[in-house]
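Notes for the structure review
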Amino acid sequence: MNKKGAIFMPMFVIAVIIIMATFTVIIYNHKDKAEEYFSVGKLQSNIIKNYFESEKEFFYYEKLLEYNEYKTTKEFGEDGAVPKDCNKKWKFNTDCEPDFKEYFKEILNKKIENKGITIDSYVEVYFTDFNLPTETETSKVDYGGEIRVKKEPLVDFKELEELKLDIKSCIQNKNMNNCNLESSSGTIYTFKRKIVDILNENFESEEVFLEFKIDTSSSGMTTSIF
Amino acid sequence: MNKKGEGTGIGMIISVVVLIIILTFYFIFFTIMPEKEMNVKLKDYVPSEADLDFINFVKLNSDLIVKSVNTNNFEELEKEFLKLYHLGDCINLQINEKILRKGGCLFEETYATKEESPRQASFNKDVLAERNQITTKIPDYNNNKINIILKIKNE
């Protein structure tokens, strides 16, 4: 004879076993995902990590500019602040008239391979962009921008401009001795000025001198006949 | 004559007992035995004070690092490297191919090449040691990159 009561409890027990086994499986399968979802501080941790990465990037480019500025300054002094084909000879109102900032920029440009360089009261170089985004299941943070390095120039361009004016004045007044010349031979006058100390490739201090010549018979300037 | 519920008593008792047993085991496995804390799982590396110390070390000694690589003489840099010793039990500083080691410790124990079987205790300690690695790069005087890796092991 059928007794519904006789099968109800056993069926209930079996149902409970199945449900609890299912919950157990679900809990263990989703445990990893639940732990990651509730990871407190993951976004903040990644932001800090990205900040450190950007610090390292910026430092790399700062050192790159620093070392290349040393090399540029040395070459600038060796060339007499004029293009190489001028052979250190200044000649005004020609391509051999020194344009200190422009020539310095030209040399630096070749060394750091055509980056965006500005030289004024500061040397500023745009190297590249950085982009360090971070994302979690609930948020996204973008962290990026330009890597620009700005520093005071090693060379005092203002002082060099004043030197250029003094030389012009001495030529016009036909009195080169007033301009602290290094040596002379006929109409060719040689000048030598220390411009700065740099670190050379052995990381030793090295003085950089600007050495140039003026030939008063072809200085490019019209002088007084009096 | 049929009585309702006749013959179901034993079935009910057995069912209740089985239910109690199941619930007891469930209680034991899910509340008493397993870990009670939810561990944070971060697959990416976690920044720490070592990052700051390492970045500052590189910034302060960048010229020395470049000079050491150029001359292949790391004596002076070894003296500065002492300042990173507090970061862990075993510290290795790799600069390009050169590796400076704290007390000569190896970051990865290579038991196979040691020609001796390791003591089990030290093998286990090394396997379970916590490892961390931080990298950066700096330019040298000729615009070449110098790769610098700091490896930290805490047993």
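Scroll up a little and you will see the structure.
Residues numbered from 1 in each chain as written. Chains lettered and ligands numbered in written order. Predicted model: local features only at pLDDT ≥ 70, side-chain atom pairs only at ≥ 80, totals over all residues. Heavy atoms only, no water.

**Description of the sheet that holds strand β1 (residues 89-90) of chain A**
Pairing between the strands of a sheet is mediated by backbone hydrogen bonds and can be parallel or antiparallel. Residue and element names in this part refer to chain A. Put simply, the rule reads: When DSSP finds two or more bridges between two strands, those strands count as paired. Strands are runs of DSSP state E lasting at least two residues, helices are runs of H or I lasting at least four, and both sets are numbered from the N terminus onward. Two residues form a contact once any of their heavy atoms are found within 4.5 Å. Lines fitted to C-alpha atoms define the axes, with helix axes restricted to the stretch in contact, and inter-axis angles between N-to-C directions lie between 0 and 180 degrees.
Strand order in the open sheet formed by four strands is β1-β9-β8-β7, and the pairing between neighbours is mixed. Where the open sheet ends on each side, the last strands, each with one partner, are β1 and β7 (183-185). Of the pairings in the sheet, the one linking β1 to strand β9 (residues 205-215) comprises two bridges and is parallel in character. Within β9, the residue paired with K89 across the bridge is K213. Of the strands in this sheet, β1, β8 (188-199) and β9 touch helix α4 (residues 157-172), which is tilted by about 30° from β9.

**So, the sheet that holds strand β2 (residues 116-119) of chain A**
Residues and elements named next belong to chain A. Ordered by their spatial adjacency, three strands build an open sheet running β2-β3-β6, and the pairing between neighbours is antiparallel. Two strands bound the open sheet, and with one partner strand each, they are β2 and β6 (144-151). Within the sheet, the average angular offset between the axes of one strand and its neighbour, ignoring direction, is 25°. Two elements, β2 and strand β3 (residues 123-131), share four bridges in a ladder whose sense is antiparallel. Its bridge partner being in β3, I117 is matched across the sheet by V125. Taken strand by strand, helix α2 (residues 42-78) contacts β3 and β6, and its axis lies near 35° from that of β6. Helix α3 (residues 100-111) contacts β2 and β3 of the sheet and is inclined by roughly 155° relative to β2.

**Topic: the environment of E80(B)**
Position of E80(B) relative to the elements: it lies in helix α3 (residues 75-81). When the C-alpha atoms of E80(B) and F54(B) are compared, they prove to be 12 Å apart, with 26 residues separating the residues in sequence.

**Describing the pattern of salt bridges**
Heads up, the condition is: Salt bridge, as applied in this entry: a Lys or Arg side-chain nitrogen positioned within 4 Å of an Asp or Glu carboxyl oxygen. Each residue is assigned to one of three classes by its accessible area relative to the maximum for its type, calculated with a 1.4 Å probe on protein chains only: buried under 20%, partly exposed between the two thresholds, exposed over 50%.
Applying the stated criterion across every chain, the model contains 19 salt bridges over all chains. Note that E57(A) is salt-bridged to K137(B), the shortest N-O span being 3.3 Å. A residue pair is termed interchain when its members come from two chains, as with E57(A) in helix α2 and K137(B) in strand β3 (residues 130-139). For E97(A), the salt bridge goes to K164(A), with nearest N and O atoms at 3.3 Å. Linking E97(A) in the loop between β1 and α3 with K164(A) in helix α4, this pair joins segments that are 67 residues apart in sequence. Each member of the pair, E97(A) as well as K164(A), carries the same accessibility label: buried.

**A few points about the packing of α2(A) against helix α2 (residues 49-71) of chain B**
Definition in use: Orientation is classified from the angle alone, with under 35 degrees giving roughly parallel, over 145 giving roughly antiparallel, 65 to 115 giving roughly perpendicular, and any other angle giving oblique. The hand of a helix crossing depends on one turn: near helix anticlockwise from the far one by less than a right angle means left-handed, and clockwise means right-handed. Following the grouping adopted for this structure description, the nonpolar residues are Ala, Val, Leu, Ile, Met, Phe, Trp, Tyr, Cys and Pro, the charged ones are Asp, Glu, Lys and Arg, and the polar ones are all others, Gly among them.
Remark: α2(A) packs on α2(B), axes separated minimally by 11 Å, with the N-to-C direction vectors making an angle of 15°. It follows from the interaxial angle that α2(A) and α2(B) lie roughly parallel. The crossing of α2(A) and α2(B) is right-handed. Here F52(A), E55(A), K56(A), F59(A), K63(A), E66(A) and Y67(A) of α2(A) lie close against α2(B), whose contacting residues are D51(B), L52(B), I55(B), V58(B), K59(B), S62(B), D63(B) and V66(B). Here the residues of the contact of α2(A) with α2(B) are counted per class, giving seven nonpolar, one polar and seven charged.

**Considering the state of the cysteines**
Inclusion rule: Cysteine sulfurs are considered disulfide-paired once they come within 2.5 Å of each other.
Here the structure, examined in full by the defined rule, presents three disulfides over all chains. Shown here is the disulfide that connects C86(A) with C96(A), its sulfur atoms set 2.0 Å apart. Note on the C86(A) and C96(A) pair: the S-S dihedral is about -90°, so by sign convention the disulfide is left-handed. With C86(A) in the loop between α2 and β1 and C96(A) in the loop between β1 and α3, the pair connects residues that are 10 residues apart, well separated along the chain. Just as C86(A) is buried, C96(A) falls in that class too. Between the sulfur atoms of C90(B) and its disulfide partner C105(B) the distance amounts to 2.1 Å. Residues C90(B) and C105(B) share a disulfide whose torsion about the S-S bond is about 90°; that sign makes it right-handed. In this pair, C90(B) sits in strand β1 (residues 90-95) while C105(B) sits in the loop between β2 (98-101) and α4 (120-128), placing the two residues 15 residues apart along the sequence.

**Digging into the packing of aromatic side chains**
Residue and element names in this part refer to chain A. As a reminder of what qualifies: A pair of aromatic rings is counted whenever rings of Phe, Tyr or Trp (Trp by its six-membered ring) have centres within 6.5 Å, and the orientation is called stacked for planes under 30 degrees apart, edge-to-face for over 60 and tilted otherwise.
Scanning all chains against the criterion turns up 18 aromatic pairs over all chains. When the ring of Y67 is compared with that of F203, the centres are 5.6 Å apart and the planes differ by 80°; the resulting orientation is edge-to-face. Of the two residues, Y67 is situated in helix α2 and F203 in the loop between β8 and β9; the sequence distance between them amounts to 136 residues. Judged by relative accessible area, Y67 falls into the buried class, the value being 1%. The interplanar angle of 5° and the centroid separation of 3.7 Å between the aromatic rings of W90 and F212 together place this pair among those described as stacked. With W90 in strand β1 and F212 in strand β9, this residue pair connects regions lying 122 residues apart in the sequence.

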